[in-house]
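Structural description and commentary
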Amino acid sequence: MSCHIAADTATYNFAVAGSVFKSDKTTPSPNGILYFWSEFGGTGLLVATLEIDAVGNFFTTSSILPAFGAYPQMRGTSGAIKTMPILAYTGNCNSCHGVNEAPIWIN
Ligand code: HEC
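Everything numeric in this text was worked out from a predicted model, so none of it was measured. Position numbers for residues count from 1 along each chain, tracking the sequence in the order it is written. The predicted nature of this model means local features are confined to residues of pLDDT at least 70 and side-chain atom pairs, given and counted, to a pLDDT of 80 or more, with totals for whole chains, interfaces and linings taken over all residues. By convention in this description, side-chain values take in all heavy atoms of the structure and omit both hydrogens and water.

1. Here we look at the side chain of serine 29
Structurally, the position occupied by serine 29 is in the loop between β1 (16–19) and β2 (33–39). Burial classes follow relative accessibility: with a 1.4 Å probe on protein chains only, a residue under 20% of its type's maximum area counts as buried, one over 50% as exposed, and anything between as partly exposed. On the accessibility criterion, serine 29 (2% relative accessible area) is buried. At a separation of 2.7 Å, a polar atom in the side chain of serine 29 contacts the main-chain carbonyl oxygen of isoleucine 106. For this analysis, residues touch if any pair of their heavy atoms sits within 4.5 Å. Contacts of serine 29, omitting those with residues within four sequence positions, involve Val20, Phe21, Lys22, Ile52, Gly56, Ile106 and Asn107. Under the DSSP-based scheme used, a helix requires at least four consecutive residues in state H or I and a strand at least two consecutive residues in state E, with every element numbered from the N terminus. A 3.5 Å cut-off defines polar contacts: any pair of N or O atoms within that distance qualifies, except that in protein one atom must be a possible hydrogen donor and the other a possible acceptor, and neighbouring residues in sequence count only when both atoms are side-chain atoms.

2. Some words on the coordination of the iron atom of the ligand
Each metal's donors are the N, O and S atoms found within 2.8 Å of it, except that Na, K and Ca use a 3.2 Å limit; water is left out, so coordination can look incomplete. Coordination of the iron atom of the ligand by the protein involves Met84 (SD) and His97 (NE2), with metal-donor separations of 2.0 to 2.1 Å. Between the six donor atoms coordinating the iron atom of the ligand, the angles at the centre fall across 87 to 180°, so the site counts as octahedral. Of this pair, methionine 84 sits in the segment after β6 (81–83) while histidine 97 sits in the segment after β6; the two residues are 13 residues apart in sequence, bridging distant segments of the chain. Assessed through its relative accessible area of 21%, methionine 84 is described here as partly exposed. Note on histidine 97: relative accessible area 23%, which makes it partly exposed. Four donors are marked tetrahedral only if all angles between them lie between 85 and 135 degrees, whereas four are marked square planar and six octahedral if opposite donors are more than 155 degrees apart and the other angles lie between 65 and 115; the remainder are marked irregular.

3. Remarks on the layout of surface pockets
Volume-wise, the largest pocket comes out at about 530 Å³. Grid spacing is 1 Å over the protein atoms alone, the probe is 1.4 Å, and a cavity is where that probe fits but cannot get out, while a pocket is an open set with protein on both sides within 12 Å along at least five of seven lines and lining residues have an atom within 4 Å of a point. Along the wall of the largest pocket there are 25 residues; nearest its centre are Pro72, Met84, Pro85, His97 and Ile104. Listing elements by their share of the lining of the largest pocket, those giving two or more residues are β2, β5 (71–75) and β6. If you tally residues by element for the lining of the largest pocket, the top one is β5, at three residues. Of the residues assigned to the lining of the largest pocket, the class counts are 17 nonpolar, six polar and two charged. Grid points are joined across faces, edges and corners, and a volume is the space filled by probe spheres set on the points. Three residue categories are used. Nonpolar comprises Ala, Val, Leu, Ile, Met, Phe, Trp, Tyr, Cys and Pro, charged comprises Asp, Glu, Lys and Arg, and polar comprises the others, including Gly.

4. Description of the packing of aromatic side chains
Classification of ring pairs uses Phe, Tyr and Trp, with its six-membered ring standing for Trp, and accepts pairs whose centres are within 6.5 Å; under 30 degrees between planes counts as stacked, over 60 as edge-to-face, and the remaining range as tilted. The full count for this structure, using the stated rule, is two aromatic pairs. Measuring from centroid to centroid gives 5.2 Å for phenylalanine 14 and phenylalanine 59, while their planes differ by 45°, and the two rings are tilted. Here phenylalanine 14, found in the segment before β1, pairs with phenylalanine 59, found in strand β4 (residues 57–60); they are 45 residues apart in sequence, far enough to count as distant. Ring centres of phenylalanine 40 and tyrosine 71 lie 5.9 Å apart, and the angle between their planes is 90°; on these two criteria the pair is classed as edge-to-face. Of the two residues, phenylalanine 40 is situated in the loop between β2 and β3 (43–51) and tyrosine 71 in strand β5; the sequence distance between them amounts to 31 residues. Of the residues examined, phenylalanine 40 reaches a relative accessible area of 53% and is grouped as exposed. By definition here, charges over rings are those cases where NZ of Lys or CZ of Arg is within 6 Å of the ring centre and within 35 degrees of the ring normal. Above the plane of the ring of tryptophan 105 lies lysine 82, whose end atom (NZ or CZ) is 3.2 Å from the centre.

5. Points about the pairing of β4
Judged by which residues are buried, β4 turns out to be one-sided: Phe58 and Thr60 face inward and are buried, whereas Asn57 and Phe59, on the alternate face, are not. For β1 and β4, the ladder comprises four bridges, and the chain directions are antiparallel. The partner of serine 19 across the bridge, within β4, is asparagine 57. DSSP bridges decide pairing: two strands pair if at least two such bridges lie between them.

6. Concerning the pairing of β2
Of all seven residues making up β2, six are buried, and the element is well covered by its neighbours. Where β2 hands over to β3, the hairpin turn is made up of three residues, of which glycine 41 adopts a positive phi near 75°. Where β2 and β5 come together, five bridges link them in antiparallel fashion. Its bridge partner lying in β5, isoleucine 33 is registered against arginine 75.

Taken by themselves, the reported measurements are silent on function.
Set out below in structure tokens:
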């Protein structure tokens, strides 16, 4: 994802990025954490973790997702946990969420 590449500054080419909202699907949900698992339902190998920042965004320029994909799971500051039921093969999470799937949300 190269949306954040600015012509005259350092380049940010995100390998994994997206936004997390609260249950109203509008208010950002800050300070949670994302886990990426090798197996369904938050099992197998913990492939990577990624922090959700103070404004509900997560992003990294590191290619943390393996080629065979991973199952995203997130924990909100309330302690709630949600797990994606299918493999994510791309770190462009907002290519589905907020487009043809619900926005990613957790309280
Ligand atoms: C190819 C489309 C697609 C991509 C890309 C995608 N997802 Fe998903 N995701 C889904 C579908 C389909 C579901 C199941 C339906 C739902 O809960 O919205 C889901 C569910 C989830 C859930 C559980 C939501 C809930 O309410 O229980 C989380 C968390 C999640 N995805 C995180 C991510 C993250 C993080 C990424 C990027 C690494 C990502 N997804 C990329 C399609 C996608």
